[in-house]
Amino acid sequence: MNPLMIRDWPLPYVERLAERQADGIDLVVIHCTELPDMAMAREFGERIQHPESATGNSGHYYIDRDGSISRFVGELRVAHHTFRFNPRSIGIELVNLGRYPNWNDSRHQRMSESYPEAQIESLLGLLAQLRRALPGLRWIAGHDALDQRREPASDNPDLMLARRLDPGPMFPWARVLTECGLARWSDTASP
């Protein structure tokens, strides 16, 4: 198998992210950016969200619709991408509109953009490469399965919405699970 073409594009604060050992990584989390393009995803990743460490929220890898892959954070750094699961996981972000720009509006919770074949092929190639590089990698989960917190809707604070729906209903879970060699996260794998 040919190695993937991955663009190294480290975030400006990557050296301030905590380091970790490869054998402690056992989970891959699949996200969608819920933004229109890679440029906006990059801008969001560069924003400082954690003043105490001067770091932001970001996945490790980003896969654009055309299948191109960028690495924002190396595997041996803890990226801020999934509440409570960051130290043990790799975050993979797929460029996809999701609910953009009405993430918290109860009238706009439908995610309808499909994931192009090139993007899924790159995801599968990246998962295979990560399995070879990280000996403890065992689990895969959607962001929605791990972060089930709720928050008030922006249009009606009496309604509580799921904070995370990604990767959403258009993500081809059956295919990915058949081909990736990882087990779907279950509550028995809890931290």
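Remember, predicted model here, so these are calculated numbers, not experimental data.

**Describing the overall build of the protein chain**
Counting its regular elements, the protein chain contains four helices and nine strands. Start at the N end of the protein chain and walk to the C end: the helices and strands fall as β-β-α-β-β-β-α-β-α-β-β-α-β. Computed over its C-alpha atoms, the radius of gyration of the protein chain comes to 16 Å, within 12% of the 16 Å expected for a compact globule of 191 residues. Its C-alpha atoms give the protein chain principal-axis dimensions of roughly 50 × 40 × 35 Å.

**Things to note about the side chain of Asp 105**
Take Asp 105: it is sitting in the loop between strand E5 (89–94) and helix H2 (117–133). Exposure remark for Asp 105: the relative accessible area of 9% places this residue in the buried category. Setting aside residues no more than four positions away along its own chain, Asp 105 makes contact with Ser 154, Asp 155 and Leu 161.

**A few points about the layout of surface pockets**
The calculated volume of the largest pocket comes to roughly 710 Å³. Together, 31 residues line the largest pocket, and Phe 44, Asn 57, Glu 93, His 143 and Arg 164 are the ones closest to its centre. For the lining of the largest pocket, the leading source of residues is helix H1 (residues 38–46), giving four residues. Partitioning the lining of the largest pocket into residue classes produces eight nonpolar, 12 polar and 11 charged.

**A look at the packing of aromatic side chains**
Within the structure shown, the criterion is met by seven aromatic pairs. An angle of 85° between the planes, with centres 5.6 Å apart, marks the rings of Tyr 115 and Phe 171 as edge-to-face. One end of the pair, Tyr 115, is in the loop between E5 and H2; the other, Phe 171, is in the loop between strand E8 (160–162) and helix H4 (173–180), and 56 residues separate them in sequence. The exposure classification of Tyr 115 matches that of Phe 171, with both residues buried. Residues Trp 139 and Trp 185 carry aromatic rings whose centres are separated by 5.8 Å and whose planes lie at 70° to one another, so their mutual orientation is edge-to-face. With Trp 139 in strand E6 (residues 139–142) and Trp 185 in the segment after strand E9 (183–184), this residue pair connects regions lying 46 residues apart in the sequence.

**Examining the pairing of strand E2 (residues 27–32)**
For E2, the buried fraction is high: six of the six residues fall into the buried class. On E2, burial covers both faces: Leu 27, Val 29 and His 31 on one face and Val 28, Ile 30 and Cys 32 on the other are all buried. Bridge analysis of E2 against E6 gives four bridges, and the strand direction is parallel. Bridged to Ile 30 within E6 is Gly 142.

**What to know about the state of the cysteines**
Following the criterion strictly, the structure yields zero disulfides and no others. Cysteine Cys 32 remains unbridged, with the sulfur of Cys 180 as its closest cysteine sulfur at 18 Å. By relative accessible area, Cys 32 is classed as buried at 4%. Take Cys 180: its relative accessible area is 3%, and that puts it in the buried class.

**A short note on the pattern of salt bridges**
Note that side chains of opposite charge can pair when their charged atoms are close. Inspection of the entire model under this criterion finds 16 salt bridges. In this structure, Asp 155 and Arg 107 form a salt bridge, with 3.6 Å as the shortest nitrogen-oxygen distance. One end of the pair, Asp 155, is in the loop between strand E7 (150–152) and E8; the other, Arg 107, is in the loop between E5 and H2, and 48 residues separate them in sequence. Judged by its relative accessible area of 30%, Asp 155 falls in the partly exposed class. For Arg 107, a relative accessible area of 62% gives the class exposed. Close ionic contact of Arg 163 with Asp 147 constitutes a salt bridge, the shortest N to O distance being 3.2 Å. Of this pair, Arg 163 sits in the loop between E8 and H4 while Asp 147 is found in the loop between helix H3 (143–146) and E7, placing the two residues 16 residues apart along the sequence.

The rules we used
Residues numbered from 1 in each chain as written. Predicted model: local features only at pLDDT ≥ 70, side-chain atom pairs only at ≥ 80, totals over all residues. Heavy atoms only, no water. Helix = DSSP H or I, 4+ residues; strand = E, 2+ residues; numbered from the N terminus. Rg over C-alpha atoms; globule rule 2.2 N^0.38 Å. Buried < 20%, exposed > 50% of the residue type's maximum accessible area, 1.4 Å probe, protein only. Contact = heavy atoms within 4.5 Å. 1 Å grid on protein atoms, 1.4 Å probe; cavity = no way out; pocket = protein on both sides within 12 Å on 5 of 7 lines; lining within 4 Å. Points joined across faces, edges and corners; volume = space filled by probe spheres on them. Nonpolar A, V, L, I, M, F, W, Y, C, P; charged D, E, K, R; others polar. Phe/Tyr/Trp six-rings, centres within 6.5 Å; stacked < 30°, edge-to-face > 60°. Pairing = 2+ DSSP bridges. Disulfide = S-S within 2.5 Å. Salt bridge = Lys/Arg side-chain N within 4 Å of Asp/Glu carboxyl O.

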